[in-house]
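# Summary of the model geometry
Each chain, letter by letter, is given below.
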Amino acid sequence: MAFSEQRLRDDSGTGRNCLAFALLTDRWIAFSRARPDQSLMDRLAHLNPAQRDAVLTLSGPLLILAGAGTGKTRVITHRIAELIRGGIEPDRILSVTFTNKAAKEMLERTQALLGSGRRQKKPLISTFHSYCVRVLRQEIEALGYPKTFTIYDRGDQESAARKALRDVKIAETSLSPGDLLAVISRWKMTGITPQLSGRNCENDKEVLASSAYRKYQNNLRACGAVDFDDLLLLTNQLFDEFPEVLDRQQQRFDHVQIDEYQDTNGAQFELVEALVRKHQNLCVVGDDDQSIYGWRGAEVSHILNFQQHFKGAKVIRLEDNYRCTARILELANKLVKKNRDRHDKTLRAYRELGSSVRFRQFEDEQVEAENVIREIAFLIEKKGVAPQDICILFRTNEQPRIFESELRRQKIRYVIMGSQSFFDKREIRDILAYLKVLDNPRDETSLLRIINVPARGIGDTTVETLLKRAVRMGCSLFDAVPSALAEKEITPRAAEAIARFRRLLDDFRAQLQARPGDLPNIVSQLLETIDYASEIQKQYANEDMQMIRTEIMDQMVDSLRTYTAQAEEPSLSGYLEEALLVGREEDSDKDQKLNQDAVRLMTIHSAKGLEFKRVYLVGMEEGLLPHKRSVEADTATAIAEERRLTYVAITRAQDHLMLTWAAARKKWGKKKLSIPSRFLREMLGDELPEANPSAGGSDH
DNA sequence: AAGGAGGGTTTTTTT
DNA sequence: AACCCTCCTT
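Residues numbered from 1 in each chain as written. Chains lettered and ligands numbered in written order. Predicted model: local features only at pLDDT ≥ 70, side-chain atom pairs only at ≥ 80, totals over all residues. Heavy atoms only, no water.

### Focus on the overall build of chain A
Looking only at helices and strands, chain A has 34 helices and 17 strands in total. Across the 700 residues of chain A, 53% fall into the buried class. Of the roughly 32700 Å² that chain A leaves accessible, carbon and sulfur atoms contribute 48%. (Helix = DSSP H or I, 4+ residues; strand = E, 2+ residues; numbered from the N terminus. Buried < 20%, exposed > 50% of the residue type's maximum accessible area, 1.4 Å probe, protein only. Areas by Shrake-Rupley, 256 points an atom, 1.4 Å probe, with all protein chains shown as cover.)

### Notes on the protein's contact with DNA strand B
Neighbouring residues of DNA strand B: 28 residues in total, closest Arg395, Asn397, Asn452, Thr461 and Thr462. Within the backbone of Asn397, one N or O atom sits 2.7 Å away from a phosphate oxygen of DNA strand B. Measuring from a sugar or linking oxygen of DNA strand B, one finds a side-chain N or O atom of His627 at 3.2 Å. Among the elements of the structure, α23 (460-473) and α31 (604-607) are those that each provide at least two residues to the surface near DNA strand B. With three residues, the single largest contributor to the surface near DNA strand B is α23. Class assignment of the residues belonging to the surface near DNA strand B gives a composition of six nonpolar, 14 polar and eight charged. (Near = heavy atom within 4 Å. Polar contact = N/O pair within 3.5 Å; in protein donor to acceptor, adjacent residues only side chain to side chain. Nonpolar A, V, L, I, M, F, W, Y, C, P; charged D, E, K, R; others polar.)

### Let's talk about the pattern of salt bridges
All told, the structure shown has 44 salt bridges when counted by the stated rule. Between Asp156 and Arg429 there is a salt bridge, with the nearest N and O atoms lying 3.4 Å from each other. With a gap of 273 residues between them, Asp156 in helix α8 (residues 154-168) and Arg429 in helix α21 (residues 426-439) connect regions that are remote in the sequence. Arg429 matches Asp156 in its accessibility class, with the two residues each being buried. (Salt bridge = Lys/Arg side-chain N within 4 Å of Asp/Glu carboxyl O.)

### Some remarks on empty space enclosed by the protein
All chains considered together, the criterion is met by five cavities of 30 Å³ or more. Its volume calculated, the largest cavity comes out at about 50 Å³. Contributing to the lining of the largest cavity are Arg137, Phe149, Thr150, Ile151, Asp439, Ser573, Leu576, Glu577 and Leu580. Contributions of two or more residues to the lining of the largest cavity are made by β4 (150-151) and α29 (572-581). The element best represented in the lining of the largest cavity is α29, accounting for four residues. (1 Å grid on protein atoms, 1.4 Å probe; cavity = no way out; pocket = protein on both sides within 12 Å on 5 of 7 lines; lining within 4 Å. Points joined across faces, edges and corners; volume = space filled by probe spheres on them.)

### Quick notes on the sheet that holds strand β1 (residues 62-66)
The six strands lie next to each other as β3-β2-β6-β7-β1-β8, forming an open sheet whose pairing is parallel. Every other strand in the sheet has two partners, leaving β3 (124-126) and β8 (314-318) as the edge strands with one partner each. The mean inter-strand angle of the sheet, taken between neighbouring strand axes irrespective of direction, is 10°. When β1 meets strand β7 (residues 282-286), the two strands line up parallel, connected through four bridges. (Pairing = 2+ DSSP bridges. Axes fitted to C-alpha atoms, helices over the stretch in contact; angles between N-to-C directions.)

### Let's talk about helix α6 (residues 100-114)
Taking 1.5 Å per residue as the helical rise, α6 with its 15 residues ought to reach 21 Å, and the 21 Å between its terminal C-alpha atoms agrees with that figure. Burial in α6 covers these residues: Asn100, Ala103, Met106, Leu107, Thr110, Ala112, Leu113 and Leu114. Looking at the buried residues of α6, the elements they touch are α5 (72-85), β2 (93-96), β3, α7 (128-139), β6 (255-258) and α29. Once α6 finishes, Gly115 follows within two positions and takes phi at roughly 80°, a positive value. (Expected span 1.5 Å × (residues − 1). Contact = heavy atoms within 4.5 Å.)

### Points about the layout of surface pockets
Taken as a whole, the second largest pocket holds about 1600 Å³ of empty space. In terms of lining residues, the second largest pocket is bounded by 46 residues, among which Lys163, Asn219, Glu444, Leu448 and Leu467 are the most central. Elements with a minimum of two residues in the lining of the second largest pocket: α8, α11 (204-222), α21, α22 (444-450), α23 and α25 (492-514). Broken down by class, the residue content of the lining of the second largest pocket amounts to 20 nonpolar, nine polar and 17 charged.

### Some remarks on the confidence of the model for chain A
Any residue range with low pLDDT should be treated as having predicted coordinates unsuitable for detailed reading. Summarising the model, chain A shows a mean pLDDT of 82, and 87% of its residues fall at 70 or more. For the stretch residues 1-38, pLDDT sits under 50, and the model shows 48 contacts to residues farther than four places along the chain or on other chains. Throughout residues 691-700 the model reports pLDDT below 50, and contacts reaching past four residues in sequence, or to other chains, amount to 24 contacts. (pLDDT = per-residue confidence, 0-100.)

### As for unusual backbone geometry
In this structure, Pro626 follows Leu625 across a cis peptide bond, with omega equal to 5°. Among the structural elements, Pro626 can be located in the loop between β15 (612-617) and α32 (628-633). The residue Lys411 is not glycine, and still its phi comes out positive at about 55°. Topologically, Lys411 is positioned in the loop between α19 (400-409) and β13 (414-416). Judged by its relative accessible area of 75%, Lys411 falls in the exposed class. Backbone geometry at Asp531 places phi at a positive 55°, although glycine is not the residue there. One can find Asp531 in the loop between α26 (519-530) and α27 (532-539).

### As for the side chain of Ser130
Checked against the element boundaries, Ser130 lands in helix α7. Residues in contact with Ser130, not counting those within four places in the same chain, are Asn100 and Leu581.

### Some thoughts on the packing of aromatic side chains
Evaluation of the coordinates by the stated rule reveals 11 aromatic pairs. Consider the rings of Tyr563 and Tyr575, whose centres lie 5.5 Å apart with planes at 70°: the pair is edge-to-face. Highlighted residues: Tyr563 in helix α28 (residues 543-566) and Tyr575 in helix α29, separated in sequence by 12 residues. Site record: aromatic cluster; members linked through ring pairs are Tyr261, Phe269, Phe306 and Phe310. One cation-aromatic arrangement involves Lys608 over Phe98; the distance from NZ or CZ to the ring centre is 4.5 Å. (Phe/Tyr/Trp six-rings, centres within 6.5 Å; stacked < 30°, edge-to-face > 60°. Lys NZ or Arg CZ within 6 Å of the ring centre and 35° of its normal.)

### Observations concerning the environment of Val207
By the element assignment, Val207 lies in helix α11. Judged by its relative accessible area of 48%, Val207 falls in the partly exposed class. In the structure, Val207 is positioned 272 residues away from Asp479 in sequence and 35 Å away in space, judged by C-alpha atoms.

### Concerning α19
Residues Pro400, Ile402, Phe403, Glu406 and Leu407 constitute the buried set of α19. The buried residues of α19 occupy one face: seen down the axis, they fall within an arc of 160°. More than 90 degrees from the buried face of α19, the exposed residues found are Arg401, Arg408 and Arg409. In this fold, the buried residues of α19 make contact with α18 (365-382), β12 (390-394), β13 and β14 (599-603). Among the residues trailing α19, Lys411 stands out with phi positive, at a value near 55°. (Arc of directions from axis to C-beta.)

Set out below in structure tokens:
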């Protein structure tokens, strides 16, 4: 297959320049030398012609087994573009990615590949969850749910789980809300309904969880709310019970493509299988060695058994790693080979040997952070390294704190990625709760969160009385007020406070309905009216803190502005959907520019699919990596997943990699000696270095 | 009803 | 150390 000029276009967004390169062949070669991996992959020259044809144009089931750093995202992006060039209508292609960010990037790259033509239609590139929301928004009423439903995020789920546990009223609650949610999620992903869950419980914990599950689900339904798992389950249920709905969805797409297939769970598999049942035009891409979401129900068996699930499937292997230096890759290979139950493959390094991977032990987590950050400061200031080429990887969300304060002390710009911290802040959760109640009056969980925030004279006793009555009468909390007042269960004063609150909500709801495009102003007016600012003043004594928290409120209104400006048809539900599914959506342009030259901090999980010139993998200790919970689970699969996690972390590094651990680490205020991770030994044998506290500067 | 003090619990990873 | 819950005082 000869390359047309079009195909030579860069898919990183700078289409014009690359076209010029294509015309000036010698310049192109100069360009290739500078960045051989990138340009080769852009042309897909690393594939042999047969692979290239298959990958780009083959119909029917196709499995692309692509190791880390083999350019799989590029390959499937090219595939979408190629299908479109081959005459498939763009909107008849569905491509599922793991995160919304990845989806956005893929769409941009596809459009860059296709050139800025006069194309109106776009391929549908989204996550499973976003796709399901789209379907449900159209069809959910068939299942007896209200047309407007609220999506519960992690925080809402926790509140709902806590309530369910309270309702079940077991004296010794041996089950935390988090544990309950984990059990429920596992049940949901394996198709166990609340009714079924009672049947074969293996222990007391599960019996308890089973009745809490029933309460939890009933409560969600009464609130007109769905959790993340429900989005998938309800869509599957729709497809099962309403053939015409499934038919409509099947008709919509000629080609379906799934990225990160190793991380699909049971419900997702079911969904995909149903969608492609008729034409079997399914292309999946993945790497079993990078399966790190087992705890969320992901099953590697889906990728291992793809050929059994889809008869006549073709398999293409991509085993040339263009990302890492040979030394880094060798280390990664050595580690992952310790796992059983995997497609045996060895990635070949395309790149040079590179500098040595460094291993360092430090006295404690403080010294670890100081040294790593000192080195980073040195690299940025003295060596001219770009901050955004540096990434610090962690196992848990608690680890970055100490690095964060070091970075701030050294005045290095940094950005903590992926952590949902923005929407986790109390103020944001409060405001979101207001928005949810405005959007969906039945959402009791959110209503209870804000009914007396800021304090407006509606106390706990009043709320509890009304709740009981509302359950008895089968009505809403508000509708229980008159009779409660009549029977003197609540004070007139409280009743008046509630009536005032109800009027407030109704008023703003009406405003939103009348002028949905005015969303930011209405919300900002709402914040004025309820005087949330003084709530913050009360909450925090420290003035700096008050400033910061007030700023958060402004950011919230900003994010509403950004949304309203870019949405085709702005609406409150649209905003909520984005906020909950996309997470911290679209930093403002200003932020994005600032972030461009910042050191990145993130968990290994959120680093999936990314790459960095320099990676610091910190906290290589037993109990952290592998995590304590996995060690305690004491199953080979749990440890194997931690090993894959380490593998993912290592293969994020392009040029330089350093692994560090602390000889002692503070936990819950107490210092404890720690043991170097078993994975270090697996990679190094007995060459494990002993204490090596001074590692400032660089040694390349 | 509100606010503060004190005590207990907590942290794996995320759409 | 940060958060939530409960209890106590006003």
